[in-house]
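# An overview of the molecular structure
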Amino acid sequence: MPASGRPRVLSGAQPTADSYHLGNYIGAFRQWVALQDEFEAFYFIPDMHAITVDYDPVQLRERTYVAAAQLIAAGVDPERSALFVQSHVPEHAQLAWVLNGITGFGEASRMTQFKDKSAKTGAESASVGLFTYPILMAADILIYQADRVPVGEDQRQHVELTRNLAQRFNHRFGETFTVPEPHIVKDVAKIYDLQDPSGKMSKSFSSPTGVVNLMDDPKKAAKKIRSAVTDSGTDIRFDPEQKPGISNLLTIYSALTDRSVDDIVGEYAGQQYGHLKVALADIVADLVADFGDRTRELLGDRAELDRLLALGAERARAVAAPTLELVYERSGFVKAK
């Protein structure tokens with residue numbers, strides 16, 4: 001248990017787009033905000049992970065600032081949580097190299113994310129960084145002795161690798177790492193593509209009209225909701241199998257208003273899909289309007305963002321540096337004098 005007496009939680013969100021989207025906000029960021037009350041929270045922007053695929057340096061730098069501003073706009077409080085940029089804490093990369101030495105090639109080869117991402121261009125042209133991505137992710141977690149890691153089901157395999165590496169190092173070199181648990185909140189809403197509700201809302205796979213970006217113009221966001229694919233029939237009910245489109249809209253409505261789906265269904269009983277969509281479009285428009293204003297306000301003062309990120313990195317290094325020092329000592333490295 002950390003000195004604060006609260007268990008420690010860690011998570012990150014890559015700066016690989018100009019805006020996070022509604023699925024990120026509902027499925028992750030709102031949980032991060034809530035976890036600040038119960039946990040000692042470390043939230044970071046994984047810019048080192050972002051360079052494992054083709055990228056533009058100028059764009060990456062700007063998106064890192066945008067990501068930081070959006071996380072604060074979503075409710076992450078830099079005074080209560082350590083909010084920082086991954087590359088500002090060199091211990092991440094230093095621990096990753098040590099973990100590379102105890103990770104089997106076959107073990108790393110079984111990671112599904114590498115298979116999925118390299119399938120687009122072929123494994124031969126994929127970077128070594130993409131292949132070792134899960135090992136850096138393990139270092140991200142272990143360097144902070146994190147107790148819990150909020151992840152979606154698609155990241156559970158990486159947390160299992162992290163647990164395996166922590167246990168392996170502890171067995172070979174002595175108790176060093178906290179073995180983390182995945183923090184998967186069962187009732188967190190999963191948000192689907194507005195145009196194809198068979199797939200989750202995603203920057204990578206959704207069409208532009210299927211994703212509501214948090215930095216969208218409010219009118220544009222509202223139009224995406226009003227144009228969302230619905231289902232045959234006219235009755236409004238929650239039925240993900242038979243009515244995935246309207247069920248997705250009900251999930252979004254419920255998440256953004258903190259009302260139960262049953263309550264919303266009752267309100268719109270006997271009404272047309274259009275009534276629900278118009279009301280939800282207004283709710284989403286209000287959300288992105290406020291979110292966009294707050295984000296732009298933060299981006300207007302880069303010096304203050306730099307200060308907040310430096311504060312977060314200082315807090316992060318206060319935990320990461322002693323962990324790395326212990327790892328180096330256990331690994332047999334000669335201590336620098």
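Everything quoted here is computed from the prediction, not taken from an experiment.

This next bit is on the overall build of the protein chain. The secondary structure content of the protein chain amounts to 14 helices and five strands. Here the C-alpha radius of gyration of the protein chain, 21 Å, is about what a compact globule of 337 residues would show, namely 20 Å. If you line up the protein chain on its principal axes, its C-alpha atoms span 75 × 45 × 40 Å. In the protein chain, which comprises 337 residues, the proportion classed as buried is 50%. Considering only intrachain contacts with a sequence separation of at least 6, the fraction spanning at least 24 residues in the protein chain is 75%. With 37 positive and 45 negative side-chain charges, the protein chain shows a spacing of 3 Å between the two charge centroids.

Let us look at the pairing of strand β2 (residues 40–45). Among the six residues that make up β2, six are buried, leaving the element largely enclosed by the rest of the structure. Here five bridges tie strand β1 (residues 8–12) to β2, and the two strands are oriented parallel to one another. In the sheet register, L10 faces β2, and the bridge partner there is F42. Read as a crossover between parallel neighbours, the route from β1 over helix α1 (residues 22–35) to β2 is right-handed. Note: β2 against strand β3 (residues 82–85), four bridges, orientation parallel. Across the sheet, residue F44 finds its bridge partner in β3, namely F84.

Time to look at the packing of helix α4 (residues 91–100) against helix α14 (residues 302–331). The contact between α4 and α14 brings their axes to 10 Å, and the two run at 25 degrees. Relative to α14, the element α4 is oriented roughly parallel. For the pair α4 and α14, the crossing hand works out as left-handed. Residues E91, Q94, L95 and V98 of α4 form the contact with α14, whose own contacting residues are R317, A320, A321, L324, V327, Y328 and S331. Class assignment of the residues belonging to the contact of α4 with α14 gives a composition of seven nonpolar, two polar and two charged.

Quick look at the pattern of salt bridges now. Under the defined criterion, the tally for this structure stands at 20 salt bridges. We note a salt bridge from R237 to D235, for which the minimum N-O separation is 2.5 Å. A relative accessible area of 33% places R237 in the partly exposed class.

Here we come to the packing of aromatic side chains. One pass over the full model with this rule turns up 12 aromatic pairs. Ring centres 4.9 Å apart and planes at 70 degrees place the aromatic pair Y20 and F29 in the edge-to-face group. Exposure remark for F29: the relative accessible area of 3% places this residue in the buried category. Here the basic side chain of R302 rests over the ring of Y65, its NZ or CZ set 4.8 Å away from the ring centre.

This paragraph deals with the domain arrangement of the protein chain. Considered domain by domain, the protein chain is made up of domain 1 (8–188 + 302–331) and domain 2 (218–296). For domain 1 and domain 2, the distance between their C-alpha centroids amounts to 32 Å. The partner domain 2 presents eight residues to the nine residues of domain 1 that form the contact. A combined buried area of about 800 Å² lies between domain 1 and domain 2, and 78% of that area is made up of carbon and sulfur atoms. There are one salt bridge connecting domain 1 and domain 2. The closest approach of N and O atoms between R30 and D258, which form a salt bridge, is 3.6 Å. Here domain 1 is connected to domain 2 by one residue pair in polar contact (both at pLDDT 80 or more). Looking at the side of domain 1 that touches domain 2, the elements with two or more residues in it are α1 and α3 (57–74). With five residues, the top contributor of residues to the side of domain 1 that touches domain 2 is α3.

Before going further, it helps to spend a moment on the environment of T209. One can find T209 in the loop between β5 (181–183) and α10 (218–226). Counting along the chain gives 153 residues from T209 to D56, while the straight-line C-alpha distance between them is 25 Å.

Below, the discussion takes up unusual backbone geometry. At Q145, a residue that is not glycine, the phi angle is positive and equals roughly 50 degrees. Along the chain, Q145 turns up in the loop between α8 (133–142) and β4 (148–150). What makes Q145 buried here is its relative accessible area of 15%. Non-glycine residue D258 carries a positive phi angle of around 55 degrees.

On to the nonpolar core, then. If you look at the biggest cluster of nonpolar residues, it comprises 60 residues, and the most contacted ones within it are I252, L276 and V284. Here this core takes 11 residues from helix α13 (residues 273–299), the largest share from any one element. Here this core spans two domains, and each of domain 1 (8–188 + 302–331) and domain 2 (218–296) adds at least three residues to it. Filtering out sequence-adjacent residues up to four positions away, L276 remains in contact with I236, I246, L249, L250, Y253, I264 and Y268. Judged by nonpolar contacts, the second largest core, of 36 residues, contains V159, A166, F169 and A313.

Conventions used here
Residues numbered from 1 in each chain as written. Predicted model: local features only at pLDDT ≥ 70, side-chain atom pairs only at ≥ 80, totals over all residues. Heavy atoms only, no water. Helix = DSSP H or I, 4+ residues; strand = E, 2+ residues; numbered from the N terminus. Rg over C-alpha atoms; globule rule 2.2 N^0.38 Å. Buried < 20%, exposed > 50% of the residue type's maximum accessible area, 1.4 Å probe, protein only. Contact = heavy atoms within 4.5 Å. Lys, Arg positive; Asp, Glu negative; His and termini not counted. Charge placed at Lys NZ, Arg CZ, Asp CG, Glu CD. Pairing = 2+ DSSP bridges. Right-handed = clockwise from strand over helix to strand, strands pointing away. Axes fitted to C-alpha atoms, helices over the stretch in contact; angles between N-to-C directions. Parallel < 35°, antiparallel > 145°, perpendicular 65-115°, else oblique. Left-handed = near helix turned anticlockwise from the far one by under 90°. Nonpolar A, V, L, I, M, F, W, Y, C, P; charged D, E, K, R; others polar. Salt bridge = Lys/Arg side-chain N within 4 Å of Asp/Glu carboxyl O. Phe/Tyr/Trp six-rings, centres within 6.5 Å; stacked < 30°, edge-to-face > 60°. Lys NZ or Arg CZ within 6 Å of the ring centre and 35° of its normal. Domains from an automatic or database assignment. Buried area = accessible area lost by both parts, 1.4 Å probe. Polar contact = N/O pair within 3.5 Å; in protein donor to acceptor, adjacent residues only side chain to side chain. Core = buried A, V, L, I, M, F, W, Y, C linked by side-chain atoms within 4.5 Å.

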